[in-house]
Amino acid sequence: MLNTAVKAARKAGSLITRASSDLEKLTVRSKRQNDFVSEVDNAAEDAIISVLRAAYPDHGILAEESGSQASASEFTWVIDPLDGTTNFLHGFPQYCVSIGLLHKGVPNQAVVFDPNRNELFTASKGVGAYMNDRRLRVSKIDRLENALMGTGFPFREVGHLDDYLRMFKQMTLSTSGIRRPGAAALDLAWVAAGRIDGFWEMGLSAWDMAAGALLVREAGGLIGDFDGEDRFLENGRVVASNAKLFSAILQALKRRD
């Protein structure tokens, strides 16, 4: 299953890379405020689904552009064909392909492919997380004041902006720095790789997190919602870090002073 997901992700990555050389020719439409989709998103998603369907015709699919294709199977592929579309459309080289496989609702296989750096992040439940065959481990930073955090602004849910800005202030005061690259799946992969020490965001969808969540867990990290519970795929609020920082991040996000 992992090999099939890798094949699908690389096929989508090739389409994205070819399109990136001539962005002005792309057809782009707005799904809603601050949320765009291009013909590349659709082509990449079609390519992924084609590969997955050929290998596993009975599996369910939940994809960002085409929605849910339910089945009686215990397996569901959760797909973001181009996470970071706005970055891609601006030529900002921070975007990825994300493919996660859920078994009875629990992440079981994960692929996040960064075509700009040719970095392939993979994980299988109970087997570990890897980047181009190198084993990944989350960072060892144990004090929040020394942590470099990743985040994403709630651009789809601007009604939560005031709440987010409160959290942003607390994290700014509590950590050594915050980065906002703009592709949540890749941010989670970077937590798994130890490049950032923690990550939080709200207003996400399952396809933003399904693959990245397993990468973090298989790299020895923790991931949960803002209460530390395992409901992030449902409520779209996520915190990920190593075990030493997880509780401190949750506490900082809840502070209101």
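Provided above is the structure to which this section pertains.
Just so we're clear, the structure is a prediction, and the values are computed from it rather than from any experiment.

**Some details on the pattern of salt bridges**
Link 1 in the chain: A complete count under the given rule lists 8 salt bridges for this structure.
Link 2 in the chain: A salt bridge links aspartate 114 to arginine 117; the nearest nitrogen and oxygen atoms lie 2.5 Å apart.
Link 3 in the chain: By relative accessible area, aspartate 114 is classed as buried at 0%.
Link 4 in the chain: A relative accessible area of 36% means that arginine 117 is categorised as partly exposed.
Link 5 in the chain: Aspartate 163 is the partner of arginine 166 in a salt bridge, and the nearest nitrogen-oxygen pair spans 2.8 Å.

**Here we look at helix H8 (residues 246-254)**
Link 1 in the chain: For H8, the complete set of buried residues consists of Phe246, Ile249, Leu250, Ala252 and Leu253. Projected down its long axis, H8 carries its buried residues within an arc of 165°, all on one side.
Link 2 in the chain: Structurally, H8 contributes buried residues whose contacts are with strand S11 (148-151), helix H4 (161-174), strand S13 (198-201), strand S14 (222-224) and strand S15 (238-241).

**Quick look at the sheet that holds strand S10 (residues 134-135)**
Link 1 in the chain: An order of S4-S3-S5-S6-S7-S8-S9-S10 is seen for the 8 strands of this open sheet, with the pairing classed as mixed. Of all strands in the sheet, those bounded by a partner on one side alone are strand S4 (67-69) and S10.
Link 2 in the chain: Direction of pairing for strand S3 (residues 60-63) relative to S4: antiparallel, over a ladder of 3 bridges. Looking across to S4, one finds that leucine 62 is bridged to serine 68.

The rules behind each value
- Residues numbered from 1 in each chain as written.
- Predicted model: local features only at pLDDT ≥ 70, side-chain atom pairs only at ≥ 80, totals over all residues.
- Heavy atoms only, no water.
- Salt bridge = Lys/Arg side-chain N within 4 Å of Asp/Glu carboxyl O.
- Buried < 20%, exposed > 50% of the residue type's maximum accessible area, 1.4 Å probe, protein only.
- Helix = DSSP H or I, 4+ residues; strand = E, 2+ residues; numbered from the N terminus.
- Arc of directions from axis to C-beta.
- Contact = heavy atoms within 4.5 Å.
- Pairing = 2+ DSSP bridges.

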